[in-house]
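# Coordinate inspection notes
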Amino acid sequence: MRPVTSLAVLLVSATALAAEESGTPADGERVLAAEEARGHLAIEVREPVAAPPRVFSGGTVLTAAGDRLEPGYIVVHEGRITAVGEGSPPTVEGAEQVSLKGRFLTPGLIDTHSHLGVYPSPGDAVSHQDGNEMTAPTTPGVWAEHSVWPQDPGFEYAVAGGITTLQILPGSANLVGGRGVVMRPLPARGSRAMRFDGAPETVKMACGENPIRVYGGKKQAPSTRMGNLRGQRSAFLEAENYVAKWRQYAAKHRAWEEALASPKRKVRDDAGTEPKPPKRDLDMETLALILDGQVLPQVHCYQSDDMLSMLQLAAEFGFSIRSFHHAVEAYKIADILAEQQVSASVWPEWWGFKLEAHDAVPENAAILTAAGGTAIIHSDSPTTIQRLNQEAAKAYTSGRAAGIELTEDQALRWITYNPAWALGIHEETGSLEVGKRADLVVWDQHPLSVYARAEAVYIEGAQVYEAGGTVPWSDFSLGTEVSP
């Protein structure tokens, strides 16, 4: 983390300002860098779990990078994958040997849409309803992280199902519901220590029926789909003005600094007093970071026309949507989503529970994949997350039954590499490749089988779950068997 300095630190460097004037993105200091650093200060820091070097060999390795290695091997050292191959593994002195005979090894599973921790178990408790800040149609300044209860037993049950990374999101009551957070399902005393270090910030947005139902029911805007878009556009217009104020301040502050540093005494004397920064606004800061490309928007959206409206919103204000969530009608605009490089986090068969979820097809993920898009299978459920491999198998089977050519690697990527991409962590995890974090699952059968169970789960090379042998880490799981 960069050192925290005064608010006088420029939000945009001179290079970035010049690049923005020419319409070209630039590297260098980003908007609100110092303010973001202050907001991410950590009191509790999770230390890396010590793990011995390990060699996994003798079974089938599914890399989610295009390879089925049979027999395959993976070498892990200091939390990273150092070798991947087929046949006999290399000799690694002092390494623990893990036999995969009769078993399958895959990357750890990743869920892009979870409310664990913000709607923790026991779910019927009023005090466990911390996922929706339903006090205004737009609340981008709230962070899901600040509602996450680390003792939610759902985290360890998710691990038992092979989950090694998940995105915790606010609910979908608001047009902008607040920031999400990418987390490791590991025990900690506070939520910040559960963060996936280095993961980009995300934000939850919503369109369609939910904001209309919540706020129209209160006789306030939005009460229609056109009201939804007005609310979204108004928020980003305000954010553009907010960013402009900070850029003006940045330019004035840089000029003042240059004057003070001038070798000419007259210039130094004329520098005047230090310019004062604009008043901070937490809601506007999140929206400003979206405009600057630092935050990855995750948009709750069911209907294809609503998705097109959100894509038009993004084009109007110059940002990119990273993933549409639920997206039961994504198949209708599969070509556009592929062209726009927007992923879709979908279910294989949830539908019909409200009108906008009515026109679903079980081949949704397969159609998206065939069109060259980025399909993802997500849960949005504390129980479905425990069987994400089965959800991918359903979508895979439906697609093949409809005559769509799919490979098992593509189906595996729906719950590994593709969600990693949607969360901006695909260079770190999501596939079994040299240099990536050693997030691994050992399965007793092919992971796309309904009978498959995770026998062991590793996060960054450290074993965090063993079937039948894991000690519950939440007080609420004591006396129960931790199994999916």
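See above for the structure.
Keep in mind the model is a prediction, meaning the values are calculated, not measured. (Residues numbered from 1 in each chain as written. Predicted model: local features only at pLDDT ≥ 70, side-chain atom pairs only at ≥ 80, totals over all residues. Heavy atoms only, no water.)

## Looking at the overall build of the protein
Within the protein one finds 13 helices and 16 strands. Relative to a compact globule of 484 residues, whose C-alpha radius of gyration would be 23 Å, the protein shows 24 Å and is just as compact. By its C-alpha atoms, the protein is 80 × 55 × 45 Å across when sized along the principal axes. Going through the 484 residues of the protein one by one, you find that 54% of them count as buried. With the model as given, the accessible surface of the protein reaches about 20,800 Å², and the carbon-plus-sulfur share is 51%. Here the protein contributes 42 positive and 60 negative side-chain charges, whose respective centroids are spaced 6 Å apart. (Helix = DSSP H or I, 4+ residues; strand = E, 2+ residues; numbered from the N terminus. Rg over C-alpha atoms; globule rule 2.2 N^0.38 Å. Buried < 20%, exposed > 50% of the residue type's maximum accessible area, 1.4 Å probe, protein only. Areas by Shrake-Rupley, 256 points an atom, 1.4 Å probe, with all protein chains shown as cover. Lys, Arg positive; Asp, Glu negative; His and termini not counted. Charge placed at Lys NZ, Arg CZ, Asp CG, Glu CD.)

## Side note on the state of the cysteines
If you walk through the whole model with that rule in mind, you get one disulfide. Shown here is the disulfide that connects Cys207 with Cys301, its sulfur atoms set 2.0 Å apart. With the S-S dihedral at roughly 130 degrees, the linkage between Cys207 and Cys301 falls on the right-handed side. Taken together, the positions of Cys207 in the loop between strand S9 (201–206) and helix H4 (209–216) and Cys301 in strand S10 (residues 295–301) put the pair 94 residues apart, joining distant regions of the chain. The two residues Cys207 and Cys301 agree in class, both being buried. (Disulfide = S-S within 2.5 Å.)

## Overview of the environment of Leu355
Locating Leu355 in the fold gives a position in the loop between strand S12 (343–346) and helix H10 (364–370). Residue class for Leu355 comes out exposed when judged on its relative accessible area of 68%. Distance from Leu355 to Tyr302, taken between C-alpha atoms, is 9.7 Å for residues 53 residues apart in sequence.

## Things to note about helix H11 (residues 388–401)
Taking 1.5 Å of rise per residue, 14 residues should cover 20 Å, and H11 covers 20 Å from first to last C-alpha, within 8% of that figure. Within the sequence span of H11, burial applies to Leu388, Asn389, Glu391, Ala392, Ala393, Ala395, Tyr396 and Gly399. Turning to H11, the residues buried within the fold contact strand S6 (109–114), strand S7 (163–168), H10, strand S13 (375–377), helix H12 (408–413) and strand S14 (440–443). Following H11 by one or two positions, Gly403 adopts a phi angle in the positive range, close to 90 degrees. (Expected span 1.5 Å × (residues − 1). Contact = heavy atoms within 4.5 Å.)

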